[in-house]
Each structure stands twice: as structure tokens, then as C-alpha cells.
Amino acid sequence: MAPARRNCSGCGMVLPTGCLLLSVLLFHPALAKVCNDRTKHGQDNSWFTRDGENLPIMVLMPMNESALMSSISQGIQPAVQLAIKHIRESRKYSFSLITEIYDTECDNAKGLRAFFDAICYGPKHLMIFGGVCPSVTSIIAESLKGWNLVQLSFAATTPVLADKKKFPNFFRTVPSDNAVNPAVVKFLNSYNWSRVGTLTQDVQRFSEVRNDLTNELEKADIQIADTESFSNDPCVNVKKLKDNDVRIIIGQFDENLASKVFCCAYNLNMFGSKYQWIIPGWYQGNWWEQANSTNCTTKKLLTAMEGYISVDFEPLSARQIKGISGRTPKDYEREYSQELQQKGVEASKFHGFAYDGIWVIAKTLTRVMELLRVKHRQNTHNFTVDDREVGKMVLDVMNETNFFGVTGQVMFRNGERMGTIKFNQFQEGHEVKVGEYNAIADVLDLINNSIRFQGLEPPKDRTFVRLQRRHINVPLYSILSTITILGMLMGGAFLFFNIKNRNHRLIKMSSPYMNNLIILGGMLSYASIFLFGLDGGFVSDKEFETLCTVRTWILIVGYTTAFGAMFAKTWRVHAIFKNVKMKKKIIKDQKLLIIVGGMLLIDLCILICWQIVDPLKRTVEEYSLEADPQGRDIAIRPFLEHCENTHMTIWLGIVYAYKGLLMLFGCFLAWETRNVSIPALNDSKYIGMSVYNVGIMCIIGAAVSFLTRDQPNVQFCIVALVIIFCSTITLCLVFVPKLITMRTNPDAATQNRRLKFTQNQKKEDSKTSTSVTSVNQANTSRLDGLQTDNHRLRMKITELDKELEEVTMQLQDTPEKTPYTKQNHYPDANNILSIRNFTDDGEKSILKNHLEQKPQAQWGSMDPSRINRGPLEDINSPEHIQRRLSLQLPILHHAYLPSIGGVDASCTSPNGSPGSSPRHRHMPPSYRVMVSGL
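Predicted model, so just to flag it, every value in this text is computed and none were measured. (Residues numbered from 1 in each chain as written. Predicted model: local features only at pLDDT ≥ 70, side-chain atom pairs only at ≥ 80, totals over all residues. Heavy atoms only, no water.)

A. Examining the overall build of the protein more closely. If you tally the helices and strands in the protein, you get 31 helices and 20 strands. The buried share among the 934 residues of the protein stands at 49%. Of the contacts made within the protein by residues no fewer than 6 positions apart, 75% connect residues no fewer than 24 positions apart. About 44800 Å² of surface is accessible on the protein, with carbon and sulfur atoms providing 55% of the total. (Helix = DSSP H or I, 4+ residues; strand = E, 2+ residues; numbered from the N terminus. Buried < 20%, exposed > 50% of the residue type's maximum accessible area, 1.4 Å probe, protein only. Contact = heavy atoms within 4.5 Å. Areas by Shrake-Rupley, 256 points an atom, 1.4 Å probe, with all protein chains shown as cover.)

Have a look at this one:
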């Protein structure tokens, strides 16, 4: 595996080589016959019967110093001579080996010429020893079968020669280039590397090694992430390896291109703790200096090279055991060094294999001679043996070879040497042995603590991706949950207040049942916050899908319950006070509950269809890789869980449209009832404020939530704050004013402004017109008509009051005419009541009973001094006004309360005198509006 071997196969020799090979394959029997006839070798069959015979061995290798790889041959000769010397000194062999060296010059034509010269003109060779240049060796080895010769090489490592169909008579004591592949696979398995990439120089020899490595990796179930080949510039291919996240790179290239590869690796930052390079180990020493043809400095190359693993065969065994020669590998190495010094040549890394190769030949020939002698003794008469039989015997004996030599255990498997592979690591400018692989035992032995990786641990074979859930921060969830609990406690306090004071006039007029629904809706909205904060970190995947549905239902139902109840209350106020004919309407809470129930029914229909047709499911959204914040050799792939379905946009559009229409309807009602001046009944101003705040917050919250869907903490914070704000502001706007009113002025909610009549009737008409105009400026014509009717009715009341006053004065003058007055003048009072459309027949009967019971107490108590006053002078006196109000206010009061589900007209009898009744003593301000409207 010496580097000089790589340049022997030139393209210029392809045609002559093919022709010579064709001639060998077609004409070698004739040539053999000519050579045998000329040298008479075919008749000598007694060589195995004589002891002390000199057995010639054909040695083929380049000897010319100008030839390629000649340095190998010069370092091989001392080892061969030393082996022959040791064989002779052992006295175990009855023959002497004679080496006949033929110079191939690493040239195909000259090598074939030397081979034929040895066959034809040399002595009878029993075996061929040598074969250094791959091209020359392959040509000769392919023709050996026709010559009945067996070749044993000590330096030909090309994988092509492993094909036993083409080279059945070829053996080698040096491991093949492919022999490192099982060792590499074993090394990968030792560090649990299951994903690698290959970078191969575009040369046949390296391609063959790569192909064999691919088979070995597939057998070991190791993934080849990327396979790259290059001819001159490897940078593009190195970058592809990086793009494919290849961390363990197995290279097959010579040292000239190795410097370019590591220069590219330095520029692409493909070195250090995240990468591991595995390259051939047969490079010359300090190759990075001798073969550096890049623009990278030596320092940069050394930086990129630090830590690489080189793999090559072991030239001498590390086991100090005496082998077949009776010497340990160290003893042999010492003698070999002395021979080198005497001859003044450089050492060859193949000298140990050449030394063991001579011993293989000696043992093989000894065994063949023994077999032949046995056959000769069995058949002493006319015993002959031909070259074909001898060649077959040599082939069989070679396959049985097994002994311990200076290079380790020597044995063959299909002609391939099962040797020892060493692992070296480049550490601080030089290579250090870190382990070895025994191919016979299939065992990898790594030296403890010898491998030094750049990081704290071996590199990963890939960027390990750790899925990391983007979950809601626990402190954030705790803070918002605490605020939510406070909001729920506030809602509970409002509920307690509403239930406790449900019989109070202020609370009763504001519909306590509807208030309870508003609180319930707010509480449901608060509760949804707890569910929005739960993700896969707290619950299982199945439970998360259930939460998706539950929290959606709770939020939608809570919204409809709260605002539906609020809008239902407003609708009742609108229906009562915007009635043009001023007829009495009885709208109780049961009807409002039906309205809210209808809204909830629509919600349920939408939600049930949503759940059946396209239910919400747990989906996982993965994001791009991120670096580990702790600096570990891993990548973080964030993922986020969502509640989604196939047609999410359609369903959300339906829900948003329905809720939007509901909110618009609430805004309309709030606007229409904005001038109703009964605070206990009219929440239009607060509803408007609530709808405004909720609408703005929902729009902002939905937009921000959509934009921050990849940031769960921000999204949850926005959603939670929007729900908290909307629920809190709604509850506070509905209940805080009632709390303040109850604390400061309990009766202020139902007090009306007192009537103030002036002497100037036109001025009062102008004020009335202004008041009516302020109610609804957009409907001027309708207001003008109502003003005219109002003026006409007021004049009619004045006339009836005048007649009533005259009747009263007559009764005071003639007490005995009282029955007549009851019969004739009570119809006038009934005419007064019939003008007011706020009363019904039951209330008229109550008033008649009231007049019949105490007619004298009310009318007979007039001051006699006022009888002589004129009618126009006394009609607007305080006594007359008090008397009229005593008749009108009970009627108005008992006519309105039943319409809102309050006290019936029969609950309180207006029998008492106006002066003694508390309800009449302090006239509510709201009644003044009704009276002034008359």
C-alpha cells in the first residue's frame, strides 16, 4: 500500500498491455512447448527426491532505480536474503532456495518480457515470488494458470487481484486494500456510528475499495448518507457532505489530494469536535508538507487534520512472540536494520511481508516434496509427475498455510491474507497508534485512553435532533391563573351581592336573574383561561384533544351567556320605552331567559355540527433547527401543539359572524335606549362601554394571537389578558354602579324629578318640546305630532280638573247632594284616567274604590276660604297639583312594575292618603318624566 504504487497504471500502456495479454492467453501453450523443448525442463521430475537441492524461485520486481516503486524492491532484498539465511540456519529444510530476480521496471511490456525470458531461458521455477506494480502483476497473474505456476506477492494490494475467477493462482502475504474495510466497520460499531459518508478520488483502485466498503456497511446496517467522488477539486464535494450533515467521513484518496481535502475542510469548518475523518494510513511521513499544493498554510492543514484516524495494515506484529524463524518481530527488525545499514538502502514497509513470504514458499515446497515422496514410494516404478499436478499441489498447500510470522498470524482465505490492521490517530503533528484489528479473530482492540477526541465525547454521526416542546412558562401560567382566580372571586362577590339584595327595588328593577347569567358567563370565560394554559407538558395527547374541544365550548357559551343576558335586558327596556302608542307591555324574566336560551341553542347547534363534521384535533407544528443553548453537539427542533381541524377557517368564520351580529345588535339596543333616565333599568351606557372595550380587545387579541402562534407564552398571555379584561370590565360596569348607588343613596335609583309647572304655559310647552326633541333628534316629525297630542291632552286635563274643582266646591256647599255627585261626577274622574294609557281596567277599579271609600275625606277637606276664588286662580295651586298627583302617580307606578316582572298592581293599594304614603311622600324622579310627558 505504498503511495508510489498508485501511478503505475498509465493510460498509454492500455493497448500494448491488452495485446500482450491476448497473446499470452491465446498462445501460451505453444510458447510453453517451445520453451520446454528448448530448455528440456519438462523431463526433470526428480527434484523432490534429492536433499540439498537448490530450488529456483522467480522473483519479479522493479530493480531499475529510474523505475517507479523501485525503492520498495531495494528495501525488500535485505529481507529476502535474511529469510533465506534463517531458513538455511534452521536446518529444518532439505533444500536451498535460490532467488532469480527479473526486473519488470513497473512496465507492462517489459514485465511480460522478463516473465517470458524467465520461463523460456531460465531454470525451472517452481513458484513466482513478487509482483509490486499492480498493472504488471495483474497481467502476469491472469496467465499463471496456463503455466501451472503459483505467484506469491508481498506488495500488490490492489483489490482487483482478489477476484479468484480471474486470478486463481495468485496469493499475497500483504493484506488487500479491501482488508481495511471490515476493520473500519468494526471501528464504527465500537462508537455506535451508524451514519457515514464517503469521499473518493475518481481512480479505479479507490473506487473498488469504496464499492467493497459499501457492501460491508450495508451488511453492518450502517447508513451511507452521501457518496461523493472527485477528480481534482474536492471542495464542492466536501461542501455537499456538510450540507447533508455528514459527520463521519471515510476518505479514499492519495496524499496529493489529501492536502486539498483538508484545506477545503478547514475553509468549511469541517473539523474539530463535530467531525471525524477516516483516511488511508499508507501516506509517507510529513505528507502534508511534501504534497501541499493548496493555498492553505501548514498550520491550517494541521488544524484541520488534528484527530483524523488513519487505517493501514500492520507491517510488523506488536505481539512479541517467537515465530516460525525462532525470532520475535523485534529481533527480526533489529537484524533487518543491520542489513540496511550494511547495504545503505532505505527500509520498505513491505519487508516483513516479503520475509514471511519466503517462509511461506519454504513451508509450501517442503510440504509438496513430502507429498510427492509419499507418492513416489507408493509407485516407485515409472513414477512421473507433470507441472500441472505439481501446480495443483502447490495451490492446495498454500491454502492450508498457517503459522506465526513477524507480521502476525499467516494464513490465507481464498488467497487473501488475513492480517492485522492498525489504527493511528493524528495527535499534535504526528500519528499515534490507538488500536489494531485482528482479521482472523475479527476482534478490534483499542488502546485505553489513547484516542483523544476534540470534544468531551466522540463526535456524533449526525446532528442529533432533540424535539423540544414550546410550552407555556409555569411562572407565567401561575401569575395569570392567580389573576383569574381573583376575577372569579370578584364574580362570586357580585353573585352574593345580587342574590342577597334580590328583593331590593334597585336590584329587582335590574332583573336579578339576568344579572346572575351575566356573572355565570363571566365565570365560564374565566375558567377557560385555565384550559388554554394546559399543553402536552401537563396532559397526554388524547387529553389534549379533549381540552381543545372543552375550552372552545366553555369560552363560546360563556360569551353568549354574559352578553346575551345583558342584551336581553336592554331589549326589554327598548321594547317598553320605545313603544309609540305608550301601551303597557308585560315582559317578565321568563321571556328574557327564553331569549338567552335561544342564543345558546344557536351556539350548541354550531358547536355540535363542528364536533361531528370536523372535530378539533391535536396537530404538531415543527420549526427549523436551532443551536443548543448549552453548546452541546445537538440541534433543537422546537415543536408546538395546536388545536386545529381541516376547515378551521370556515368554522371560525361562522362563530365570529354570529358573535359579531350579536354584538352589533347589542350596540343598536344600547344606542336606542341611551336616553331612558331610569338607572336601575337602563344599562345602555355601560353596555356600550363594555361592547366597545370587548370589541376592540377581541380584535386586537385575535390579530396578535394569530401573529404570535409560534410563541406560546406570548399567545397565552395575550389571550388570557383579553379574556380577563373583557370579563372584568363587563362585570364591573354592570355591578359597580349598583354597589355605589346602594351604598350612597339606596332610593336614588327609583326617584323621579318633581314636576315643576310654570304659569307660562307656552314656556312649559317649549321645555317639553326641547325634552322630547333631545330623546330622538332624528325623528322630528314624529316628535312634533306627539308634542301636539301632548298639548291637547294637557288642555283636556286642565278642563277636567276645573270641572272637578267646581264639583268639589258644590259638594262643600251642599253636603246632602253627595250621592248625586258620586253618580254623576265619578264618570268625569274616569275620563281623566282613560286619557292615561299606562293604566288598565283593574287599576281603574282600584281608583274607583279609593274614591268611593273616602270621598269626603279627600274633597270635603277643602279650605272654605278658597271656595270664592276663581277657577283660573286656583287650578294650578299647590293643593290642586297635590290632588292630581295623588291620583296619577299610583296609577303609573302600578302600571309599570308588572311590565318588568316586579310588584303587581294589586300588591300595594293606593287607599292611603297621598300625604301618609311613603311612596307618595317622596316622589321618584323618574315619575316626573312620565308625568311631564303627559
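Okay, back to it.
B. Quick peek at the nonpolar core. Membership of the largest hydrophobic core comes to 104 residues, with the highest contact counts inside it found for L97, F115, F129, F154 and L188. At twelve residues, the largest contribution of residues to this core is made by helix α13 (residues 351-378). If near-sequence neighbours (up to four positions away) are discounted, L97 is found in contact with L55, I57, I84, I87, I358, I361, A362 and L365. Of all hydrophobic cores here, the second largest spans 53 residues; its members include V539, F544, L616 and C726. (Core = buried A, V, L, I, M, F, W, Y, C linked by side-chain atoms within 4.5 Å.)

C. Examining the pairing of strand β10 (residues 309-313) more closely. In terms of burial, β10 is largely enclosed, as five of its five residues are buried. Residues I309, V311 and F313 line one face of β10 and the alternating positions S310 and D312 line the opposite face, and both faces are buried. Bridge count between strand β9 (residues 276-280) and β10: three bridges; the pairing is parallel. Of the residues in β10, the one forming a bridge with I278 is I309. Where β10 lies against strand β14 (residues 420-427), five bridges are found, and the strand directions are antiparallel. Of the residues in β14, the one forming a bridge with I309 is Q425. (Pairing = 2+ DSSP bridges.)

D. Quick look at the packing of helix α3 (residues 108-121) against helix α4 (residues 134-142). The interhelical angle for the contact between α3 and α4, taken along N-to-C directions, is 40°, at an axis separation of 9 Å. Here α4 runs oblique to α3, going by the angle between their axes. Judged by the sense of rotation from one axis to the other, the crossing of α3 with α4 is right-handed. Where α3 approaches α4, its residues N108, G111, L112 and F115 are matched on the opposing element by S135, V136, I139 and I140. (Axes fitted to C-alpha atoms, helices over the stretch in contact; angles between N-to-C directions. Parallel < 35°, antiparallel > 145°, perpendicular 65-115°, else oblique. Left-handed = near helix turned anticlockwise from the far one by under 90°.)

E. A look at the pattern of salt bridges. Summed over the entire model, instances satisfying the criterion amount to 26 salt bridges. For K110, the salt bridge is made with E105, and the minimal N-O distance between the two is 2.9 Å. In this structure K110 comes out as partly exposed when scored by relative accessible area, which is 44%. Overall, the relative accessible area of 27% leaves E105 in the partly exposed class. (Salt bridge = Lys/Arg side-chain N within 4 Å of Asp/Glu carboxyl O.)

F. Looking closely at the state of the cysteines. This structure, assessed with the given rule, holds four disulfides. Between C263 and C296 runs a disulfide, and the two sulfur atoms are separated by 1.8 Å. Sign of the S-S torsion, about 70° for the bond between C263 and C296, identifies this disulfide as right-handed. Taken together, the residues C263 in helix α9 (residues 255-267) and C296 in the loop between α10 (287-290) and α11 (298-305) connect sequence positions 33 residues apart. Of the residues examined, C263 reaches a relative accessible area of 5% and is grouped as buried. Each sulfur in the disulfide pair C548 and C643 lies 1.7 Å from the other. What sets the handedness of the C548 and C643 disulfide is the S-S torsion sign, and at about -65° it is left-handed. Of this pair, C548 sits in helix α18 (residues 541-577) while C643 sits in strand β20 (residues 634-644); the two residues are 95 residues apart in sequence, bridging distant segments of the chain. For the pair C548 and C643, one class covers both residues: buried. (Disulfide = S-S within 2.5 Å.)

G. Geometry of the packing of aromatic side chains. Using the criterion set out here, one finds 35 aromatic pairs in the structure. Both rings, one in Y191 and one in F453, keep their centres 5.3 Å apart while their planes meet at 85°; by these two values the pair is edge-to-face. Taken together, the positions of Y191 in the loop between α6 (180-190) and β6 (195-201) and F453 in the loop between β16 (443-446) and β17 (464-469) put the pair 262 residues apart, joining distant regions of the chain. Exposure remark for Y191: the relative accessible area of 21% places this residue in the partly exposed category. On the accessibility criterion, F453 (17% relative accessible area) is buried. One aromatic cluster in this structure is built from F206, F262, W277, W282, Y283, W287, W288, Y308 and F426. Above the face of the F171 ring, K164 is positioned so that its terminal group lies 5.6 Å from the ring centre. Above the face of the Y623 ring, R470 is positioned so that its terminal group lies 4.4 Å from the ring centre. (Phe/Tyr/Trp six-rings, centres within 6.5 Å; stacked < 30°, edge-to-face > 60°. Lys NZ or Arg CZ within 6 Å of the ring centre and 35° of its normal.)

H. Molecular detail of a nonpolar patch on the surface. On the surface, L601, L604, I608, I612 and V613 cluster together into a nonpolar patch covering about 490 Å² of accessible area. Within the secondary structure, L601 sits in helix α19 (residues 589-613). (Patch = residues over 30% accessible without salt bridge, like charges linked within 9 Å, V, L, I, M, F, W, Y side chains within 5 Å.)

I. Representation of the environment of N192 within the structure. Within the fold, N192 resides in the loop between α6 and β6. Considering only alpha carbons, one finds N192 and P458, 266 residues apart in sequence, at a separation of 9.9 Å.

J. Inspection of the sheet that holds strand β12 (residues 408-413) at higher detail. Sheet architecture is open: three strands sit in the order β11-β12-β13, paired in antiparallel fashion. Edge strands, defined here as strands with exactly one partner in the open sheet, are β11 (402-405) and β13 (416-417). Its contacts with the sheet place α13 against β11, β12 and β13, and it is angled at close to 145° to β11.

K. Local environment of helix α14 (residues 387-399). Given a rise of 1.5 Å per residue, 13 residues ought to cover 18 Å, and the 19 Å separating the end C-alpha atoms of α14 matches this to within 8%. Within α14 the residues assigned to the buried category are V390, G391, M393, V394, L395, V397 and M398. (Expected span 1.5 Å × (residues − 1).)

L. Region of interest: empty space enclosed by the protein. One pass over the full model with this rule turns up eleven cavities of 30 Å³ or more. Within this model, the largest cavity holds a volume of roughly 130 Å³. Secondary structure elements with two or more residues in the lining of the largest cavity: α6, α7 (204-219), β8 (248-252) and β9. (1 Å grid on protein atoms, 1.4 Å probe; cavity = no way out; pocket = protein on both sides within 12 Å on 5 of 7 lines; lining within 4 Å. Points joined across faces, edges and corners; volume = space filled by probe spheres on them.)

M. Here's a closer look at the sheet that holds strand β5 (residues 170-172). The five strands are arranged β2-β1-β3-β4-β5 in an open sheet whose pairing can be described as parallel. Two strands bound the open sheet, and with one partner strand each, they are β2 (95-103) and β5. Recorded for the sheet is a direction-independent mean angle of 30° between the axes of neighbouring strands. α13 contacts β1 (53-61), β2, β3 (128-130) and β4 (151-153) of the sheet and is inclined by roughly 130° relative to β2.

N. Region of the structure containing helix α8 (residues 235-243). Among the residues of α8, those classed as buried are N237, V238 and L241. Along the axis of α8, the buried residues cluster in a sector spanning 100°; they form a single face. In this structure, α8 carries V236 and D243 as exposed residues pointing more than 90 degrees from its buried face. Where the residues of α8 are buried, they touch β6, β7 (223-230), β8 and α9. Directly after α8, the chain includes D245, whose backbone phi takes a positive value near 60°. (Arc of directions from axis to C-beta.)

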